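Now for the letters of each chain:
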Amino acid sequence: MEEVLPHRVAQLLRDARRVVIFTGAGISAESGVPTFRDDLTGLWARFDAQQLATAEAFHADPDLVWGWYEWRRARVRRAEPNSGHLAITTIESRIPDSTVITQNVDDLHERAGTPATIHLHGSLFAPRCTAAAAHPATFPDQPDGEAAEPHEGRRISPPRCASCRELVRPGVVWFGEALPEAALTAAAEAATACDVLLTVGTSGVVYPAAEIPRIAASSGATVIQVNPQPTPLDRIAAINLRGSAAQVLPTLVAAAWR
Ligand code: APR
């Protein structure tokens with residue numbers, strides 16, 4: 001591990017006063033949540049996620065898309081935060097001015113102990129009315145046990161809004177949609193002000209989220225990337241740690257605060 005995790009990286013983290021941890025699907029991969037670019041299986045095998053995560057797909061076939069999100073939600077419910085999520089909470093406890101920004105729509109950061117996670121792409125657990133954002137956001141979880149979702153998935157009709165009877169949709173940001181403004185602003189501010197940004201498990205290709213590490217780098221922060229694969233962020237990262245989040249992050253934390 002020594003050549004992968006040089007002493008200098010641990011020191012950079014230990015000495016940081018403001019840290020941003022920017023995560024993508026890779027941090028949840030070792031919790032059993034597939035990354036967005038993994039091949040789909042079962043009912044969705046002939047699609048890729050980018051085809052299903054659109055308003056057009058939902059309008060064309062709401063049952064297919066809602067079923068996919070219920071299947072994803074069930075998988076997340078069954079998953080547990082991994083040692084990568086937990087290592088991030090240790091960083092937060094050591095460096096109080098830390099901000100966790102995720103592109104993930106799961107709740108594994110929260111369940112690991114990061115309640116103030118900024119979600120750039122919304123949440124699987126906040127469905128909303130397709131017609132009016134102001135309509136009450138308290139839609140019940142799918143009844144009869146998400147745990148019972150069949151492995152191959154199934155079509156499910158979305159519920160209807162209690163106020164206007166329009167369809168309820170997943171509370172996530174679909175391709176082509178704007179990111180929640182408050183989240184994006186808070187993320188950009190944190191990236192501008194940090195001295196170290198850790199980017200973990202993201203391919204760094206989906207904008208505007210992928211701007212966040214680039215904003216940090218151009219504002220003078222040191223960018224440290226944790227990813228088993230090269231990504232377009234390699235060029236802006238001062239340090240590339242090629243390994244999995246659940247392995248590299250605990251090692252990094254242990255080296256920083258041994
Ligand atoms: N640890 C760290 N990184 C990992 C691991 C792991 N165990 N497993 C995979 N990765 C890396 C992959 O190498 C890849 O670079 O995680 C990255 C996952 O990339 P994507 O699937 O593209 O996920 P993400 O970057 O979060 O996608 C961004 O795009 O599809 C939309 O809205 C969706 O939020 C998503 C956004």
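Residues numbered from 1 in each chain as written. Predicted model: local features only at pLDDT ≥ 70, side-chain atom pairs only at ≥ 80, totals over all residues. Heavy atoms only, no water.

J.: Any chance you could explain the pattern of salt bridges here in plain terms?
T.: Opposite charge on two side chains allows them to pair when their charged atoms are near. One pass over the full model with this rule turns up 7 salt bridges. Close ionic contact of R18 with D97 constitutes a salt bridge, the shortest N to O distance being 3.0 Å. Of this pair, R18 sits in the loop between α1 (7-15) and β1 (19-23) while D97 sits in the loop between α6 (83-94) and β2 (98-102); the two residues are 79 residues apart in sequence, bridging distant segments of the chain. Overall, R18 belongs to the partly exposed group, its relative accessible area being 40%. Taking the shortest distance from any N to any O, the salt bridge between R73 and E70 comes out at 2.8 Å. (Salt bridge = Lys/Arg side-chain N within 4 Å of Asp/Glu carboxyl O. Helix = DSSP H or I, 4+ residues; strand = E, 2+ residues; numbered from the N terminus. Buried < 20%, exposed > 50% of the residue type's maximum accessible area, 1.4 Å probe, protein only.)

J.: Even after reading the chapter, I still don't get the environment of P6, so can you show me in this structure?
T.: Mapped onto the elements of the fold, P6 is located in the segment before α1. On the basis of relative accessibility, which here comes to 30%, the residue P6 falls in the partly exposed class.

J.: What's the story with the environment of L12 in this structure? I'm lost.
T.: Along the chain, L12 falls in helix α1. Taking C-alpha positions, L12 is 8.4 Å from T222, a pair spaced 210 residues apart along the chain. Non-local contacts of L12, meaning those with residues more than four positions away in its chain, are made with V196, T222 and I239. (Contact = heavy atoms within 4.5 Å.)

J.: What should I look at first to understand the packing of α1 against helix α10 (residues 245-256) in this one?
T.: Any two packed helices are characterised by the angle at which their axes cross and by the distance between the axes. With their axes 8 Å apart at the nearest point, α1 and α10 run at an angle of 70 degrees to one another. Looking at the two axes, α1 sits roughly perpendicular to α10. Here α1 contributes V9, A10, L13 and R14 to the contact with α10, which in turn contributes L252, A255 and A256. For the contact of α1 with α10, the per-class residue count stands at 6 nonpolar, no polar and 1 charged. (Axes fitted to C-alpha atoms, helices over the stretch in contact; angles between N-to-C directions. Parallel < 35°, antiparallel > 145°, perpendicular 65-115°, else oblique. Nonpolar A, V, L, I, M, F, W, Y, C, P; charged D, E, K, R; others polar.)

J.: Got a minute to help me understand empty space enclosed by the protein in this structure?
T.: If a probe the size of a water molecule is rolled over the atoms, the empty space left behind becomes visible. Overall, the coordinates contain 1 cavity of 30 Å³ or more when judged by the stated rule. Counted as a void, the largest cavity has a volume near 50 Å³. In this structure, the largest cavity is lined by W66, Y69, E70, R73, L124, P127, P170 and G171. Among the residues making up the lining of the largest cavity, the classes are represented as 5 nonpolar, 1 polar and 2 charged. (1 Å grid on protein atoms, 1.4 Å probe; cavity = no way out; pocket = protein on both sides within 12 Å on 5 of 7 lines; lining within 4 Å. Points joined across faces, edges and corners; volume = space filled by probe spheres on them.)

J.: Help me understand the site of the ligand in this model?
T.: The environment of the ligand is formed by 21 residues, the closest being E30, F36, R37, T202 and S203. Here a nitrogen atom of the ligand and a side-chain polar atom of E30 are 2.7 Å apart. Within the complex, the protein chains bury 88% of what would otherwise be the 730 Å² of accessible surface of the ligand. Examining the composition of the shell around the ligand, we find that 3 residues originate from one element, helix α2 (residues 25-29), more than from any other. Grouping the amino acids of the shell around the ligand by side-chain chemistry returns 7 nonpolar, 12 polar and 2 charged. (Near = heavy atom within 4 Å. Polar contact = N/O pair within 3.5 Å; in protein donor to acceptor, adjacent residues only side chain to side chain. Areas by Shrake-Rupley, 256 points an atom, 1.4 Å probe, with all protein chains shown as cover.)

J.: Quick question: what am I supposed to make of α10 here?
T.: Residues separated by three or four positions in an α-helix point in the same direction, a consequence of the helix having 3.6 residues per turn. Spanning 12 residues, α10 covers 16 Å between terminal C-alpha atoms, matching the ideal 16 Å at 1.5 Å per step. Of the positions making up α10, those classed as buried are A245, A246, V248, L249, L252, V253, A255 and A256. Considering only its buried residues, α10 is in contact with α1, α2, α6, β6 (196-200), β7 (222-226) and β8 (239-241). (Expected span 1.5 Å × (residues − 1).)

J.: Would you explain the packing of helix α8 (residues 181-193) against helix α9 (residues 211-218) in this entry?
T.: Orientation of α8 relative to α9, taken along the N-to-C sense of each, is 30 degrees, at an axis distance of 7 Å. Classified by the interaxial angle, the pair formed by α8 and α9 is roughly parallel. Considering only the axes of α8 and α9, their crossing is right-handed. Facing α8, whose interface residues are A187, A188, A191 and T192, α9 presents I212, I215 and A216. Considered class by class, the residues forming the contact of α8 with α9 number 6 nonpolar, 1 polar and no charged. (Left-handed = near helix turned anticlockwise from the far one by under 90°.)

J.: When you look at unusual backbone geometry in this model, what are you seeing that I'm missing?
T.: Trans is the common state for peptide bonds, and a negative phi is the common state for residues other than glycine. Between Y207 and P208 the backbone carries a cis peptide bond, its omega angle lying at 5 degrees. Of note, P208 is situated in the loop between β6 and α9. Despite not being glycine, R165 has its phi angle at roughly 70 degrees, a positive value. Mapped onto the fold, R165 is located in the loop between β4 (128-129) and β5 (168-169).

J.: I keep staring at the sheet that holds β1 and nothing clicks. Help me out?
T.: Hydrogen bonds between backbone atoms are what pair the strands of a sheet, whose relative direction is either parallel or antiparallel. Pairing is parallel in the open sheet, where 6 strands are placed in the order β3-β2-β1-β6-β7-β8. Two strands close off the open sheet at either side, each with one partner strand: β3 (118-119) and β8. In this sheet, β7 lies alongside β6 in parallel orientation, the contact comprising 5 bridges. Following the sheet pairing, L197 is matched in β7 by V223. α9 contacts β1, β2, β6 and β7 of the sheet and is inclined by roughly 155 degrees relative to β6. Contacting β6, β7 and β8, α10 crosses the sheet at an angle of about 155 degrees to β6. (Pairing = 2+ DSSP bridges.)

By themselves, these figures tell us nothing about what the structure is for.
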